[in-house]
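Chain residues, written in single-letter form:
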Amino acid sequence: MSAGDFLVFRIQGQEFCLEIGAVREIRSATKTVPLPNSPMEFKGLINLRGIVLPIIDMTSRLGLVAATPATNPVIIVAESGGRIVGLEVDVVDDIISVSDAEIQSIPTIPTGGIQEFVRGIVNISNRLICLLAIDRLLPAEKAAAE
Amino acid sequence: MFNQSLPPEVLGPIKVIFFQECDELLASLDSGLEALKQGNADPDTINMVFRAVHSIKGGAANFEFVRLTQFSHSFEAVLSDLRAGRIAASAVLFEDLLHASDVLAELVEEAHGGKVWDPGKTEAALKALAGYIRKEDEFTSAGADGEAGPIPAPEKHWNEIGDLRSWRIVFRPAASLYRRANDPLLLFRDLSRLGELQLELNLHDLPNLADLEPDRAYLGWTGILRTLQSEQAIWDVFEFAGGDCHLEIVPCAVEAAKVPPERLPQVANEAVSSNSSDPQSNRVIRVDLDRVDKLFNLVEELLVQQTTFNHVAGKQLAPEVQPVYAEFRRLSKEIQEGLLAIRSQPLKPVFQRMARLVRQLEQATGKSVTFAATGGEAEVDRSVLERLAEPLTHLIRNAVDHGLESSDERAQLGKSPSGTIALRAYQRFGRIVLEVSDDGEGIDRERVLSTAISRGLIDPNEHLSGPDIDALIFRPGFSTAENVSEISGRGVGMDVVNKCVRALGGRISMSSQKGVGTTFLLSLPLTLALLEGIVVGSGSGRFIVPIASLLETLQLRSEEVKFIGDVRVIRYRDQYIPLVELAAILGYPQISGAHGSIGIVVEDDLGARIAIAVDEVFEQQQIVVKEIQGAYQANHGVSAATILGDGQVALILDVNGIVERQKQNTERAQCYDEESDERVSRWAIR
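Remember, predicted model here, so these are calculated numbers, not experimental data. (Residues numbered from 1 in each chain as written. Chains lettered and ligands numbered in written order. Predicted model: local features only at pLDDT ≥ 70, side-chain atom pairs only at ≥ 80, totals over all residues. Heavy atoms only, no water.)

Quick notes on the overall build of chain A
Which entries qualify depends on this criterion: Comment: elements are numbered from the N terminus, with helices defined as DSSP H or I runs of at least four residues and strands as E runs of at least two. What makes two residues a contact is simply this: any of their non-hydrogen atoms within 4.5 Å. Per-residue and other accessible areas follow the Shrake-Rupley method at a 1.4 Å probe size, with only the shown protein chains counted as cover for residues.
Scanning chain A for helices and strands turns up three helices and eleven strands. Each helix (α) and strand (β) of chain A, taken in turn from the N terminus, gives the series β-β-β-β-β-α-β-β-β-β-β-β-α-α. Taking the intrachain contacts of chain A between residues at least 6 apart in sequence as the baseline, contacts between residues at least 24 apart amount to 56%. About 7,000 Å² of surface is accessible on chain A, with carbon and sulfur atoms providing 53% of the total.

As structure tokens, then:
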């Protein structure tokens, strides 16, 4: 698997990370304009310096229970396959360097719906960080066209 | 030749340009031949056609595309004879020439690294061409026999350019030439630069002073030009006057006699000139579309910023700054319009592709088809043009393959044996409308209905109106083709066409009469980048209603709002139309059941009207359409978004989608009555 630098963030107390290459910027969450007839995890649109950017609510996207709403949610502007989206998370922690050896594959025992988005598990200094696959977080092109 | 002297990194881009030019040349060849076939055998058209083939040959020879060079050489020889009047124009000839142009297009594609075409087909076309060429012309008949015909060698060209020859030029301008601000004097000045020019003024058309109409053209000139330059160079002087005058350029008899007939001098000489001095290349530049688009995006940003500026500071501007700001706004708008004009292109090339497609389909199906295209001069933005060919191709394939009957069947039905496919384009309400119609068997509603039921698309008990049945053919999973044929292909149904059209912000509809024919109507925006709209407010949100679908805005008075069942309606032009709350129709939570006080009456592409209640109506403005990033664009009721002056995102309403949603809501309401128990689950499924 691809070692390198990863951005670590927290959603509902759990730690997740994304490859730093996919991250364009981090900004504080602003009010969104909701888009009708869209999936629940899709929070709405914001104006990112002239780009109309869709915001995905990661709690809902990953199927986590929104126990405590974040006080200051953060938007990670990420890019995948030429598409740009904003991922709303609770808080951004740090950037970590990970070697191949530190990335484990997902446990074979079922871990629920979240499995679909997880590429691997980073295990360093007793932290368990799920490495997310950015391309799987975005809605499929085809499905969205329907 | 280029291949021997130039490294590949230089050659590559030149080849790219060559193939780009080929596309344009093939297009003008086709349109010229079509015009000739219609009986407009004027010298200008023949010249245009000749030059197109000639230029392709020149390039092909330089890149050593042997088959392409040979073929275009034979083609050109026939056109050259036609131009010189050595062969007579006839319908059969133009038919053969059109066929040759198809083969030429295929050979260009082959040279471009595409599919390798059947040599037999090329041979057959060559034979047909050879039939027209005088027998003594061994140069071309060798090529027609399929042997490696001699490719004109450049050394020969260089020898020939040294010939001092005389040309007789007859030039009779039409009034339109003057109207386009062309000046014969300037043309003569350019001619005299090519060599020694003697001019004679012809006054015999000049009427008496009493009969003279000042805005008509009466003068003509005959000149003798002695020059070392090629014939092409002379024609090129008249490049921009070509359509507005009668023009003859012929070698003078005395001098021409010295030239052996086989040499086809004008052919050989032009090959050199087209490589060295094409005056058009000075006026037309080729720009990578990406560069234009980048610039376009920047201008969009500029306009957004300007709106923001206006919003923030517009009212506080000192009086002396206001005119400066107004000028600044005007200029930005002009830049944007200029850029749009750069990206606009006529539909013609796409229409010509379709004409070629029809000819190919005629061969493949053995059906005889007359193709009539009108409105090709209408211009659309490049973004739209690029994506038009796909839906049109599907529609025309289907029309020829399934729509039209075979000649025998048609004869039995008392129809003309040749079917007609008509492609028509026109602008309406700031959109481009394309009609594809055939005079075939029409679409049988019974069969559509039974197919839809058998495919499980609809419930057998469902009662559908005629247009609703027609609309079924656009549903995914529907295809009336019982035998999947090679032509229409597997799995390409109307749903694909529908999807293409919708992705362009367009709508498609179909009307058909059994036994009479079918018409598909596509309505598309002229550009995907800009939109004129009014800003409306509903709840805390701002929305854009495109002007194209807006009929009227009116104050809603509660006494005028009536009910049909539980649907609110208002009277508009002697008709009751549904009144819907914007927030409700979009599925936003309604704020304390408040009703908007302003009604926006809109109309969808099919003429269905609906009134949308909103709270506020703001100004009309030009909206820069922003694609919604990610993959959330497809949405009933919303087509895209924009950014308003205050930086807020506003959704652009799609009236067709809103009407559709209202229909669905009404259907759902009907579900309640029938199956009240399943109410909740139905809602959830939808």
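A few points about the environment of Gly376 of chain B
Residues and elements named next belong to chain B. Structurally, Gly376 can be placed in the loop between strand E6 (369-374) and strand E7 (379-381). Through-space distance from the C-alpha of Gly376 to that of Leu347 is 4.9 Å; in sequence the pair is 29 residues apart. With residues up to four places along the chain from it excluded, the contact list for Gly376 reads Pro346, Leu347, Lys348 and Phe351.

Section: the pattern of salt bridges
Residue and element names in this part refer to chain B. Selection criterion: Salt bridges are defined by distance alone: a side-chain nitrogen of Lys or Arg within 4 Å of a carboxyl oxygen of Asp or Glu. Working definition: with a 1.4 Å probe on protein chains only, accessible area under 20% of the residue-type maximum means buried, over 50% means exposed, and in between means partly exposed.
On inspection of all chains with the given rule, the structure shows 32 salt bridges over all chains. Lys415 is the partner of Glu405 in a salt bridge, and the nearest nitrogen-oxygen pair spans 2.8 Å. Of this pair, Glu405 sits in the loop between helix H18 (389-403) and helix H19 (407-412) while Lys415 sits in the loop between H19 and strand E8 (419-428), and the two are ten residues apart along the sequence. The class for Glu405 is buried, based on a relative accessible area of 5%. Accessibility expressed as a relative area gives 19% for Lys415, which makes it buried. For Arg573, the salt bridge is made with Glu552, and the minimal N-O distance between the two is 3.7 Å. Highlighted residues: Arg573 in the loop between strand E16 (567-571) and strand E17 (576-581) and Glu552 in strand E14 (residues 550-555), separated in sequence by 21 residues. Several salt bridges converge on common partners, so that one network encompasses Asp30, Glu34, Asp102, Arg356 and Arg359.

As for the nonpolar core
Among soluble globular proteins, nonpolar side chains are generally buried collectively. All names here are of chain B. Where we set the bar: Definition of nonpolar core: a set of buried residues of the types Ala, Val, Leu, Ile, Met, Phe, Trp, Tyr and Cys, connected through side-chain atoms within 4.5 Å.
Judged by nonpolar contacts, the single largest core of 45 residues is most densely connected at Leu347, Met354, Ile396 and Phe520. The leading source of residues in this core is helix H16 (residues 348-365), at seven residues. For Leu347, the contacting residues outside a window of four places in its chain are Gly375, Gly376, Ala378, Val380, Leu385, Leu388, Ala425, Ile432 and Leu434. Core analysis: the next-biggest nonpolar cluster, separate from the first, contains 39 residues, Leu25, Phe50, Ala52 and Leu107 among them.

Looking at the packing of aromatic side chains
Residues and elements named next belong to chain B. The line we're drawing: Within 6.5 Å between ring centres, the rings of Phe, Tyr and Trp (the latter by its six-membered ring) count as paired, and their orientation is classed by plane angle as stacked under 30 degrees, edge-to-face over 60, tilted in between. Think of it as a cone above the ring: NZ of Lys or CZ of Arg counts as a charge over the ring if it is within 6 Å of the ring centre and within 35 degrees of the ring normal.
The final tally for this structure, using the stated rule, is twelve aromatic pairs over all chains. With centroids separated by 6.2 Å and ring planes inclined at 80 degrees, the aromatic side chains of Phe474 and Phe520 adopt a geometry described as edge-to-face. Of the two residues, Phe474 sits in the loop between helix H21 (466-471) and helix H22 (494-503) while Phe520 sits in strand E11 (residues 517-525), which places them 46 residues apart along the sequence. There is no split in this pair, since Phe474 and Phe520 are both buried. Positioned above the aromatic ring of Phe50 is the side chain of Arg83, whose terminal nitrogen or guanidinium carbon lies 4.1 Å from the ring centre. Positioned above the aromatic ring of Phe296, the side-chain terminus of Arg343 is 4.3 Å from the ring centre.

Things to note about H22 of chain B
Residues and elements named next belong to chain B. Along H22, the residues classified as buried are Met494, Asp495, Val497, Asn498, Cys500 and Val501. Where H22 is buried, its residues contact H18, strand E10 (507-513) and E11. Count one or two residues on from H22 and you reach Gly505, which has phi positive near 75 degrees.

Examining the packing of helix H3 (residues 43-62) of chain B against helix H4 (residues 66-83) of chain B
All names here are of chain B. For clarity, the threshold we go by: Simply put, an axis is a line fit to the C-alpha atoms, just over the touching stretch for a helix, and the angle between two N-to-C directions goes from 0 to 180 degrees. Each angle gets one of four labels, with under 35 degrees taken as roughly parallel, over 145 as roughly antiparallel, 65 to 115 as roughly perpendicular, and the rest as oblique. Helix crossings get a hand from a simple test, with the near helix turned counterclockwise from the far one by less than a right angle marking a left-handed crossing and a clockwise turn marking a right-handed one.
With their axes 9 Å apart at the nearest point, H3 and H4 run at an angle of 155 degrees to one another. Here H3 lies roughly antiparallel to H4, going by the angle between them. Remark: the crossing between H3 and H4 carries left-handed chirality. Listed contacts from H4 to Ile46, Asn47, Val49, Phe50, Val53, His54, Ile56, Lys57, Ala60 and Ala61 of H3 are Leu68, Thr69, Ser72, His73, Phe75, Glu76, Leu79, Ser80, Leu82 and Arg83.

Regarding the sheet that holds strand E4 (residues 245-251) of chain B
Residue and element names in this part refer to chain B. Formally: Pairing between strands requires that DSSP locate at least two bridges from one strand to the other.
With respect to topology, four strands assemble into an open sheet ordered E2-E3-E1-E4, the strand pairing being antiparallel. The sheet is open, and its two borders are formed by strand E2 (195-202) and E4, each paired with just one other strand. Between one strand axis and the next, the sheet turns through 15 degrees on average, direction left out of account. Alignment of E2 against strand E3 (residues 220-227), held across eight bridges, turns out to be antiparallel. When the sheet's bridge partners are listed, Leu197 is paired in E3 with Leu225. Contacts from helix H10 (residues 184-194) reach strand E1 (165-173), E2 and E3 within the one sheet, and its direction differs from that of E2 by about 150 degrees.

Notes on the pairing of strand E6 (residues 74-80) of chain A
All names here are of chain A. Counting buried residues along E6, six of its seven residues qualify, which places the element largely inside the surrounding structure. Bridge analysis of strand E3 (residues 23-28) against E6 gives five bridges, and the strand direction is antiparallel. Residue Glu25 lies in a different strand from E6, and its bridge partner there is Val77. Of the strand pairs in this sheet, E6 and strand E7 (residues 83-89) are connected by seven bridges, and their pairing is antiparallel. Bridged to Glu79 within E7 is Ile84. The hairpin turn running from E6 into E7, its antiparallel successor, is two residues long, and Gly81 in that turn takes a positive phi close to 55 degrees.

Thoughts on unusual backbone geometry
Unusually for a residue other than glycine, Asn126 of chain A sits at a positive phi of about 65 degrees. Topologically, Asn126 of chain A is positioned in the loop between strand E10 (118-124) and strand E11 (127-132). Classification of Asn126 of chain A by relative accessible area gives exposed; the value is 80%. The residue Arg573 of chain B is not glycine, and still its phi comes out positive at about 50 degrees.

What to know about helix H5 (residues 91-111) of chain B
So the rule is basically this: One less than the residue count of a helix, multiplied by 1.5 Å, gives the span that helix is expected to have.
If you check H5 of chain B, its first and last C-alpha atoms are 30 Å apart, about what 21 residues at 1.5 Å a residue would give, namely 30 Å. Gly113 of chain B sits one or two positions beyond H5 of chain B and adopts a positive phi of about 90 degrees.

Describing the confidence of the model for chain B
Residues and elements named next belong to chain B. Note the cut-off: Summary of the metric used: pLDDT quantifies the predictor's per-residue confidence within the range 0 to 100.
Residues with a pLDDT of 70 or more make up 82% of chain B, whose mean pLDDT is 77. Low confidence marks residues 254-281, where pLDDT is under 50. Its contacts with residues over four positions away, or in another chain, come to 48 contacts. Contacts from residues 671-686, a stretch scored under 50 in pLDDT, to residues over four places away or in other chains number nine contacts. We note a pTM of 0.51 for the whole complex and an ipTM of 0.80 for its interfaces.

What to know about the side chain of Thr59 of chain A
All names here are of chain A. Following the sequence through the fold, Thr59 ends up in helix H1 (residues 58-61). A relative accessible area of 7% places Thr59 in the buried class. Those residues in contact with Thr59 that sit more than four places away from it in its chain are Ile11, Gln12, Leu64, Val65, Ala66 and Asp90.

Regarding the environment of Asp244 of chain B
All names here are of chain B. In plain terms, the rule: The definition of a polar contact used here is a pair of N or O atoms within 3.5 Å, where within protein one atom must be able to donate a hydrogen and the other to accept one, and adjacent residues in sequence count solely through side-chain atom pairs.
Its place among the elements puts Asp244 in the loop between helix H11 (231-237) and E4. Exposure remark for Asp244: the relative accessible area of 7% places this residue in the buried category. Distance from Asp244 to Asp44, taken between C-alpha atoms, is 9.7 Å for residues 200 residues apart in sequence. For Asp244, the contacting residues outside a window of four places in its chain are Pro173, Ala174, Ser176, Leu177 and Arg180. Within polar-contact distance, the side chain of Asp244 engages the side chain of Ser176 at 2.9 Å.

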